[in-house]
2 protein chains.
Amino acid sequence: MIDKLEMFIALAREEHFGRAANAQGVTQPTLSAAIKQLEDQLGVMLVWRGSRYRGLTPEGQRALDWARRIVGDARSLRQEMRVARQGLSGDLRLAVIPTALTVVSDLIAGYAEAHPNVRFSVQSNTSIEVLNMLENLEIDAGLTYLDNEPLGRVTTVPIYSERYVLVAKAGHPLLGGPVRWADLADVPLCLMTPDMQNRRIINQHLAKAGVEVTPQIEASSIVVLVSQVVNSNLATILPVRAAEIFLKGDDLGSVPLIKPDASHTVGLVAPQREPFTPVLATLLDRARALSAAVSN
Amino acid sequence: MIDKLEMFIALAREEHFGRAANAQGVTQPTLSAAIKQLEDQLGVMLVWRGSRYRGLTPEGQRALDWARRIVGDARSLRQEMRVARQGLSGDLRLAVIPTALTVVSDLIAGYAEAHPNVRFSVQSNTSIEVLNMLENLEIDAGLTYLDNEPLGRVTTVPIYSERYVLVAKAGHPLLGGPVRWADLADVPLCLMTPDMQNRRIINQHLAKAGVEVTPQIEASSIVVLVSQVVNSNLATILPVRAAEIFLKGDDLGSVPLIKPDASHTVGLVAPQREPFTPVLATLLDRARALSAAVSN
DNA sequence: CCTTTCGATAGAAGACCTCTATCAAGCAGA
DNA sequence: TCTGCTTGATAGAGGTCTTCTATCGAAAGG
């Protein structure tokens, strides 16, 4: 039963019988049969049938919610028993928005040291992807914005508050002192792509300041943005925490962006399902401690 | 997997391999094997082994919590899909403390009419049993006291507030007007057995009034108590709502018990597991409506 | 009209489950 | 201490269920 629910979740995620089967490590006929049996056992159609996948029925959608719960809890059970057997161990899968990537090390540095049997995997994603993957049980927790766009049913732990700086090559004319958002008209910029919430936030501030900006370069990685800044006269806008790591040398400079002194909270998101697994509970504790340390 | 978790729950409840197997409709070797496999899959011992059942290990206790969740959610999934298929239907199992039995009809009268395919089963239990059965998934909801003893992780809907009356055969000397708890010294009484919370509440009030009472007859059913009252000079103490149904004729009389004007809240308890199944959600709605109607 | 993609179906091999029968350990009473 | 009962584990047979490979038919795209 639980296996079939796993396959059902995979099918809903992949929207394709073959790919879902592959993701589950079974053949396509096996997955087809599993879905069919699930439908027989529950007595309802879960998937619109045709010559190809055409989405979930309303009942299927509802069943998907339950399936995620059940499968998630079953995994939690297994993990908790493994922890009881051999101490804190297992995988902890994190998805993180690009501008929070540097915070990951603060979050997991001590953790990894204290619990060498816990393996971390970190991937960079948009905030929307983070939330989707959390729902789909593809990750255990995420780092993303907490207060700008709706989150859904998740547990949150705020960690720090983002503030923005303008980053440019040393000698750039705007690097003299604080820059207002309104000053950015006609400044050549490179920014994140619009699928990134960071970019949407920046757009909001620019719009509020009455400025329209067309970045010459868009990228989904801050490494790309900073590289551009180093090698051109473009400037970029980054959260302080994300920019710091690039400002160690003297080839780049930064100044605060003010008026407004924009601020957005970034923090940990995890499934709202208590009790938490030990591995996740420990991470949440670390996040809370980190949050306290940052605000002091 | 889910089948094995069901067997594990049954074993924890019955504390006996043979009985648990019987309750699950399988043979004892099948259940033994299932528990063994569960232990192998999870990699931990769940049950203390010996020549007989000796309780759960700490890991087993923890696993039991998860098992209840998973099995409960799996049942919810099945129920919700059946409701999607054929409208509100299925079983709704209620456990009720004796003094709230008359409220059941108020609660389910309209429900049963509106949804003829929902079958109700009602049993009378102590408040502790109600909570245990709720945990063990043996019932879907219960009616019990909400504010006297700790409840655990449950959803509650208050329905009405209990007030107490002294019930006695017509002509009993105390039936003239309100009676204080302190007046009950030396009054021959019959009361519920001490495993009933109702009795414990009454004991509290009597103790607070400085009175010690040794009932001549104890029973776990109010029908027994009232029958005694009808056929003897004993009086009894009952909540108004429970007494009303017996006071239609003129062979019995009742007077309020005052000083203090004791009051305890009785209401519906259900597992704290959202979303609720449709059958249970409907019951909770009815309870809230009933609560509003009563307090007007 | 032909090709490709997608999901369903058939049939065989093997894994898994559940049963009956039986055993060994512990406990109780004589 | 012996005997009989209770309790849970084990062995082995039978049957069910699952998964695989191979193949088909329908629909979409060029």
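Quantities reported herein were computed from a predicted structural model and do not represent experimental measurements.

1. Here we look at the pairing of strand β2 (residues 118–124) of chain B
Residues and elements named next belong to chain B. Pairing analysis gives 7 bridges linking strand β1 (residues 90–96) to β2, with the strands arranged parallel. Bridge pairing in β2 links L92 to F120. Following the chain from β1 across helix α5 (residues 101–114) to the adjacent parallel β2, one finds a crossover that is right-handed.

2. Structural notes on the pattern of salt bridges
Evaluated as defined, the whole model comprises 32 salt bridges over all chains. In this structure, E14 of chain A engages R13 of chain A in a salt bridge whose closest nitrogen and oxygen atoms are separated by 2.9 Å. Judged by its relative accessible area of 23%, E14 of chain A falls in the partly exposed class. Given a relative accessible area of 26%, R13 of chain A falls into the partly exposed group. For R62 of chain A, the salt bridge identified is with E80 of chain B, shortest N-O distance 2.6 Å.

3. Some thoughts on the nonpolar core
By size, the foremost hydrophobic cluster in this structure holds 62 residues, and its most contacted members are F8 and L46 of chain A together with F8 and L46 of chain B. Elements supplying a minimum of two residues to this core: α1 (2–14), α2 (17–24), α3 (28–42) and α4 (58–86) of chain A together with α1 (2–14), α2 (17–24), α3 (28–42) and α4 (58–86) of chain B. What F8 of chain A contacts, discounting residues up to four positions off in sequence, is I35, L38, L46, V47, L56, G60, A63, L64 and A67 of chain A.

4. Things to note about the packing of α1 of chain B against α4 of chain B
All names here are of chain B. α4 packs onto α1 with a crossing angle of 125° between their chain directions and a minimal axis gap of 9 Å. Viewed along their axes, α1 and α4 adopt a mutual orientation that is oblique. In this structure, α1 meets α4 at a crossing whose hand is left-handed. The residues of α4 that touch α1, namely those facing I2, L5, E6, F8, I9 and A12, are G60, A63, L64, A67, R68, I70, V71, A74, R75 and R78. Within the contact of α1 with α4, the residues separate by chemical class into 11 nonpolar, 1 polar and 4 charged.

5. Things to note about the protein's contact with DNA strand D
In the region of DNA strand D, 20 residues are neighbours, and T30 of chain A together with Q28, S32, R49 and Y53 of chain B sit closest. Here, DNA strand D places atoms within 4 Å of the protein, and 76% of those atoms are sugar or phosphate. Between Q28 of chain B and DNA strand D, the recorded distance is 2.9 Å, taken from a side-chain N or O atom to a base nitrogen. With respect to DNA strand D, the side chain of S32 of chain B contributes an N or O atom lying 2.5 Å from a phosphate oxygen. Contributions of two or more residues to the surface near DNA strand D are made by α3 of chain A together with α2 and α3 of chain B. Sorting elements by how many residues they give to the surface near DNA strand D places α3 of chain B first, with 4 residues. Residue composition of the surface near DNA strand D, grouped by class: 5 nonpolar, 9 polar and 6 charged.

6. What about the protein's contact with DNA strand C?
As a structural note, the neighbourhood of DNA strand C is formed by 19 residues, with Q28, S32, R49 and Y53 of chain A together with T30 of chain B the closest of them. Measuring from a phosphate oxygen of DNA strand C, one finds a side-chain N or O atom of T30 of chain B at 2.6 Å. Those elements giving two or more residues to the surface near DNA strand C turn out to be α2 and α3 of chain A together with α3 of chain B. In terms of residues, the surface near DNA strand C owes the most to one element, α3 of chain A, which gives 4 residues. For the surface near DNA strand C, the residue count by class is 5 nonpolar, 9 polar and 5 charged.

7. Quick word on the domain arrangement of chain A
All names here are of chain A. Each assigned domain of chain A is listed with its residue range as follows: domain 1 (2–78), domain 2 (87–160 + 265–295) and domain 3 (164–262). Taking only C-alpha atoms, the centre of domain 2 and the centre of domain 3 are 26 Å apart. In this assembly, 14 residues from domain 2 lie in contact with 15 residues from domain 3. Area buried by domain 2 at its contact with domain 3 is led by P98, T99 and Y145, which between them contribute 39% of it. In this structure, the connection of domain 2 to domain 3 is made through 1 salt bridge. Between D106 and R241 there is a salt bridge whose closest N-O contact spans 3.1 Å. For the interface between domain 2 and domain 3, the tally reads 4 residue pairs in polar contact (both at pLDDT 80 or more). For the side of domain 2 that touches domain 3, the secondary-structure elements that each account for two or more residues are α5 (101–114), α6 (127–135) and β3 (141–145). A breakdown of the residues in the side of domain 2 that touches domain 3 according to their chemical character gives 6 nonpolar, 6 polar and 2 charged.

8. Brief notes about the packing of aromatic side chains
All names here are of chain A. Inspection of every chain in the model, using the stated rule, returns 6 aromatic pairs over all chains. A ring pair is formed by Y111 and F120, whose centres lie 5.1 Å apart and whose planes are at 85°; its orientation type is edge-to-face. Residue classification places Y111 among the buried residues on the basis of a relative accessible area of 0%. In this structure, R241 packs its charged tip against the face of Y160, placed 4.7 Å from the ring centre.

9. Brief notes about the pairing of strand β10 (residues 252–258) of chain B
Every other side chain in a regular strand lies on the same face of the sheet, so the side chains alternate between the two faces. Residues and elements named next belong to chain B. Two elements, strand β5 (residues 164–169) and β10, share 5 bridges in a ladder whose sense is antiparallel. If you follow V167 over to β10, its bridge partner there is S254. Taken together, the 2 bridges between strand β6 (residues 179–180) and β10 define a ladder with parallel strand orientation. Within β10, the position partnered with R180 by the bridge is I258.

10. As for the relation of the copies chain B and chain A
Relative to chain A, chain B is turned by 180° and slid 0.0 Å along the rotation axis, the superposed coordinates differing by an RMSD of 0.1 Å. With respect to symmetry, the two chain copies, as superposed, fit the operation of a two-fold axis. Taking C-alpha positions as reference, the residue of chain B nearest the rotation axis is I70 of chain B, located at 2.8 Å. Residue by residue, 100% of the interface of chain B is reproduced at the interface of chain A, so both copies engage with the same surface.

11. Overview of the interface of chain B and chain A
Listed as interface residues are 25 residues of chain B and, on the opposing side, 25 residues of chain A. For the pairing of chain B and chain A, the buried interface totals around 2700 Å² over both sides, and the portion due to carbon and sulfur atoms is 67%. In terms of surface lost to chain A, no three residues of chain B exceed W66, L77 and M81 of chain B, which account for 25% of the buried area on that side. Summed over the shared surface of chain B and chain A, the number is 4 salt bridges. The set of elements that each furnish at least two residues to the side of chain B that touches chain A consists of α1 and α4 of chain B. In terms of residues, the side of chain B that touches chain A owes the most to one element, α4 of chain B, which gives 15 residues. Residue composition of the side of chain B that touches chain A, by class: 14 nonpolar, 2 polar and 9 charged.

What counts and how
Residues numbered from 1 in each chain as written. Chains lettered and ligands numbered in written order. Predicted model: local features only at pLDDT ≥ 70, side-chain atom pairs only at ≥ 80, totals over all residues. Heavy atoms only, no water. Pairing = 2+ DSSP bridges. Helix = DSSP H or I, 4+ residues; strand = E, 2+ residues; numbered from the N terminus. Right-handed = clockwise from strand over helix to strand, strands pointing away. Salt bridge = Lys/Arg side-chain N within 4 Å of Asp/Glu carboxyl O. Buried < 20%, exposed > 50% of the residue type's maximum accessible area, 1.4 Å probe, protein only. Core = buried A, V, L, I, M, F, W, Y, C linked by side-chain atoms within 4.5 Å. Contact = heavy atoms within 4.5 Å. Axes fitted to C-alpha atoms, helices over the stretch in contact; angles between N-to-C directions. Parallel < 35°, antiparallel > 145°, perpendicular 65-115°, else oblique. Left-handed = near helix turned anticlockwise from the far one by under 90°. Nonpolar A, V, L, I, M, F, W, Y, C, P; charged D, E, K, R; others polar. Near = heavy atom within 4 Å. Polar contact = N/O pair within 3.5 Å; in protein donor to acceptor, adjacent residues only side chain to side chain. Domains from an automatic or database assignment. Buried area = accessible area lost by both parts, 1.4 Å probe. Phe/Tyr/Trp six-rings, centres within 6.5 Å; stacked < 30°, edge-to-face > 60°. Lys NZ or Arg CZ within 6 Å of the ring centre and 35° of its normal. Least-squares fit on C-alpha atoms with pLDDT ≥ 70 in both.

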